[in-house]
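Descriptive structure summary
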Amino acid sequence: MQEFRNFYDLTMDELGALFAADGKEKFRAQQLFKWVYDKKVTDFEQMSNLSKTFRADLPGRFIFEMPRKVSELKSVDGTRKFLFDVGDGMTVESVLIPNDERMTLCVSSEVGCNMACRFCFTGKQKLKKRLTAGQIVGQFIQANESLAKDGLRITNIVFMGMGEPLDNPEAVFGAIEILCNDFGINFSRRKITVSTSGIVPLMHMITDAGVRLAVSLNASNDEIRDFVMPINKKWNLTELLDACSKHAKESGDRVTFEYVLLKGVTDSVEQAREVWKLVRHIPCKINIIPFNEHPSSGFERPADETVRRFQNELIRLGAHVLLRKTMGRDIFAACGQLTSVYEGRPETMTV
Ligand code: SF4
């Protein structure tokens with residue numbers, strides 16, 4: 001008996017290979033992508049340019065399965081947070097962040113995460129599940145549908161939600177292929193950013209996919225980074241920054257460094273200088289993120305004045321710096337927080 005495949009898990013090349021293995025024309029995959037992703041038709045009967053015999057075979061081979069949206073919260077600042085059921089009683093979050101003309105969707109790639117970054121809410125739970133490509137694409141499709149009701153659309157995608165994208169590369173880069181396919185959604189690769197905690201040997205995959213690179217830096221030297229991000233013990237700052245330089249050279253793009261300001265740990269003016277020394281040879285911008293406090297993290301958010309001093313020092317030295325506003329505070333802004341409220345006890349969630 002043939003196994004059902006979830007259509008949303010397959011890139012066009014994979015779909016074409018399935019057809020080719022059955023002696024069918026590869027271009028059928030293009031036709032199907034156009035129907036499903038462009039025209040949003042999933043009923044094979046309605047796919048009028050496919051021959052009847054070809055069409056008849058499809059319902060026995062493919063299903064269309066997306067993660068089920070279990071909640072959608074809207075913040076007063078325009079941020080929207082979605083919670084998706086990805087099976088086995090587990091959920092992931094996606095967040096839509098409005099900014100000027102942009103509408104950026106932050107997608108999740110895993111439930112839990114093995115990287116154990118100390119400041120991260122998601123990192124407190126071990127990896128429970130790696131999402132499939134379809135579960136990632138499904139986050140985009142459903143968030144975009146929700147925006148479309150208000151006449152808006154997603155303009156940028158960042159892989160910065162729950163999970164380390166390079167710990168689930170097959171699904172992440174499969175999803176990127178699906179999202180960017182010209183016959184389907186045709187999302188621009190230039191508008192997609194993959195953020196990593198620093199799995200150095202796989203960072204070339206980001207360059208190869210033609211998407212942008214963001215790196216969670218979060219420390220100005222190895223000693224502090226070993227403490228806040230244990231992955232640094234495996235690949236240290238020298239190795240990480242070499243990989244960033246390589247990406248910048250090969251892609252011609254600037255690298256985004258994310259830097260979380262933790263009170264008394266990563267927020268001094270001396271550390272701002274150290275950060276600049278680390279990255280000044282790499283075309284980059286630095287996103288400063290004042291820590292978003294969550295229970296039992298053990299860290300605190302620095303005072304606004306400390307944040308300003310850190311930012312000003314970097315600017316004085318010549319860095320391109322952005323201060324990330326904390327958005328969606330009223331809807332569980334810290335990544336993974338909504339999931340933990342929901343999981344296992346949805347009946348208790350009052351929002
Ligand atoms: S910051 Fe990212 S990589 Fe680190 S534990 Fe959290 S989800 Fe994982």
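As the structure is a prediction and not an experimental result, all values here were calculated from the model.

Bringing the site of the ligand into the picture now. Around the ligand lies a shell formed by Cys-113, Met-115, Ala-116, Cys-117, Cys-120, Thr-122, Gly-123, Met-162, Gly-163, Glu-164, Ser-197 and Ser-216. Split by residue class, the shell around the ligand holds six nonpolar, five polar and one charged.

Before going further, it helps to examine the sheet that holds strand β6 (residues 102-106). With mixed pairing, ten strands are arranged side by side in an open sheet as β3-β4-β5-β6-β9-β10-β11-β12-β13-β14. Each edge of the open sheet is held by one strand with a lone partner, namely β3 (68-74) and β14 (321-323). With strand direction ignored, the average angle separating the axes of adjacent strands in the sheet is 20°. Contacts from helix α8 (residues 237-251) reach β11 (212-216) and β12 (255-261) within the one sheet, and its direction differs from that of β11 by about 165°.

Below, the discussion takes up the nonpolar core. Core analysis: the largest hydrophobic core is formed by 83 residues, its most contacted members being Ala-175 and Tyr-259. Counting residues per element, this core draws most heavily on helix α5 (residues 169-180), at eight residues. Here this core gathers at least three residues from each of two domains, domain 1 (5-63) and domain 2 (68-348).

A separate point is unusual backbone geometry. Excluding glycine, residues mostly carry a negative phi; peptide bonds, for their part, are mostly trans. For Ala-116, which is not a glycine, the phi torsion comes out positive at approximately 55°. Note that Ala-116 resides in the loop between β7 (110-111) and β8 (129-130). Residue classification places Ala-116 among the partly exposed positions, given that 16 C-beta atoms sit within 10 Å. Phi angles above zero are rare outside glycine, and Asn-186 is one such case at about 60°. Locating Asn-186 in the fold gives a position in the loop between α5 and β10 (192-196).

When the domains of the chain are assigned, the result is domain 1 (5-63) and domain 2 (68-348). Computed from C-alpha coordinates alone, the two centres of domain 1 and domain 2 are separated by 34 Å. Taken together, the ten residues of domain 1 in the interface contact twelve residues of domain 2. Counting residues per element, the side of domain 1 that touches domain 2 draws most heavily on helix α2 (residues 27-38), which supplies five residues. Looking at the side of domain 1 that touches domain 2, its residues break down into four nonpolar, three polar and three charged.

Calculation notes
- Residues numbered from 1 in each chain as written.
- Predicted model: local features only at pLDDT ≥ 70, side-chain atom pairs only at ≥ 80, totals over all residues.
- Near = placed C-beta within 6 Å.
- Nonpolar A, V, L, I, M, F, W, Y, C, P; charged D, E, K, R; others polar.
- Pairing = 2+ DSSP bridges.
- Helix = DSSP H or I, 4+ residues; strand = E, 2+ residues; numbered from the N terminus.
- Axes fitted to C-alpha atoms, helices over the stretch in contact; angles between N-to-C directions.
- Contact = placed C-beta atoms within 7 Å.
- Core = buried A, V, L, I, M, F, W, Y, C linked by C-beta atoms within 7 Å.
- Buried ≥ 20, exposed ≤ 12 C-beta atoms within 10 Å, placed from the backbone.
- Domains from an automatic or database assignment.

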